[in-house]
Amino acid sequence: MTDKVTIAALQQMKREGKKIAGVVAWDTPMARIADLAGVDLISVGDSVGVNLWGHETPLEVTMDEMMVVSKAVRRGASRALVSADLPYGPAQESPDAALRASLRLMKEAGADMIKVDAAAEFPEVVRRLVREGIPVFAQFGLTPQTAQKFGIPYSAQNSPQAQATAEASAKLVDEAKTLEDAGSCALDFTNSGPIAGEAVAKAVAIPVIGGFGGGPWLDGRVRLAHTAIGYADKWLDSKTETYVNTAKAALGAFTALIEDIRAARQIKG
């Protein structure tokens, strides 16, 4: 498929039972490669703070930093739909603050839609953005901005214990319907689990996509690009499943580079 992906196209994919494929990316080269591969969605996540910049949680990421990475991804993505995270702060402050921040991400950074974390706690923010013509990708479930109140550290969110329980299904279905009624164009169900995840996906007409704790019971998946290619020092000794181990390849390349320099050999390229 070569046509520009739209929100309507994602919603049509749900109706046709076609899974939506997405990645989280933060830079131009990664976005360009993912775009060429044919992903439907590139999510510019505030997870950049943890996975690229060494922060403890994504709550430390600022609006100005989100602008930088969102612009970078937009320059690399010509086909995929680009979603930009609203960082921690504007939604918590007020619907007006959330609107101002979202307008910047749309107008200046070129985002196609805005992801609102902890959206179930801020339905008034979702309604305000939608009323002003801003497409909202509403994140709910056990999200980075809500996990702490449940006593779950960010680092443990992708563990099986962090997934939604069967007992929580009814409440999560209600939240999903509320977010759909508020005008959300898609839902990011974090730590869905197979029981609550399937129940929510069946309960709403809009796409339900997941990252942490998601699975084939949802309408699509978004995975960190860096996780898919094993790009981080943690992959040097990790046994976690990934598609390629870029970390080990990079370690080997750097080792060879050092050897060439110290041996006074000419470096190719």
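Higher on the page you've got the structure.
A short tour of the structure in this document, coming up. In this text, all values refer to a predicted model and were calculated from it rather than measured experimentally.

1. Some remarks on the pairing of strand S6 (residues 186-190)
1) Next: Of all the five residues making up S6, five are buried; the element is thus mostly covered by neighbouring parts of the structure.
2) Next: Here five bridges tie strand S5 (residues 136-141) to S6, and the two strands are oriented parallel to one another. Bridge assignment links phenylalanine 140 to a residue of S6, and that residue is phenylalanine 189.
3) Next: Where S6 and strand S7 (residues 208-210) come together, two bridges link them in parallel fashion. Paired with leucine 187 across the strands is valine 208, a residue of S7.
4) Next: After leaving S6, the chain enters helix H9 (residues 194-203) and then returns to the sheet as S7, a path that is right-handed.

2. What about the sheet that holds strand S2 (residues 41-44)?
1) Next: Strand order in the closed barrel formed by eight strands is S1-S2-S3-S4-S5-S6-S7-S8, with parallel pairing between adjacent strands. The mean inter-strand angle of the sheet, taken between neighbouring strand axes irrespective of direction, is 25 degrees.
2) Next: Where strand S1 (residues 20-24) and strand S8 (residues 220-224) come together, five bridges link them in parallel fashion. What sits directly across from glycine 22, in S8, is valine 222.
3) Next: Against the sheet, helix H6 (residues 95-107) engages strand S3 (81-85) and strand S4 (113-116), with an angle of about 140 degrees to S4.
4) Next: Contacts from H9 reach S5, S6 and S7, with the element oriented near 170 degrees to S6.

3. Considering a nonpolar patch on the surface
1) Next: A grouping of Phe254, Leu257, Ile261 and Ile267 is seen on the molecular surface, where their side chains present a nonpolar patch of about 370 Å² in accessible area.
2) Next: Mapped onto the elements of the fold, phenylalanine 254 is located in helix H11 (residues 246-262).
3) Next: The class for phenylalanine 254 is exposed, based on a relative accessible area of 53%.

4. With respect to the pattern of salt bridges
1) Next: Tallied over the full model, the rule gives 14 salt bridges.
2) Next: For aspartate 64, the salt bridge is made with arginine 104, and the minimal N-O distance between the two is 3.4 Å. With aspartate 64 in helix H4 (residues 63-76) and arginine 104 in helix H6, the pair connects residues that are 40 residues apart, well separated along the chain.
3) Next: The class of arginine 104 is partly exposed, set by a relative accessible area of 29%.
4) Next: The shortest N-O distance in the salt bridge between arginine 104 and glutamate 108 comes to 3.5 Å.
5) Next: Taking the relative accessible area as the measure of exposure, glutamate 108 reaches 44% and is therefore partly exposed.
6) Next: Shared partners join several salt bridges into a network, and the residues in it are Lys4, Arg74 and Asp112.

Reading the values: rules and limits
Residues numbered from 1 in each chain as written. Predicted model: local features only at pLDDT ≥ 70, side-chain atom pairs only at ≥ 80, totals over all residues. Heavy atoms only, no water. Buried < 20%, exposed > 50% of the residue type's maximum accessible area, 1.4 Å probe, protein only. Helix = DSSP H or I, 4+ residues; strand = E, 2+ residues; numbered from the N terminus. Pairing = 2+ DSSP bridges. Right-handed = clockwise from strand over helix to strand, strands pointing away. Axes fitted to C-alpha atoms, helices over the stretch in contact; angles between N-to-C directions. Contact = heavy atoms within 4.5 Å. Patch = residues over 30% accessible without salt bridge, like charges linked within 9 Å, V, L, I, M, F, W, Y side chains within 5 Å. Areas by Shrake-Rupley, 256 points an atom, 1.4 Å probe, with all protein chains shown as cover. Salt bridge = Lys/Arg side-chain N within 4 Å of Asp/Glu carboxyl O.

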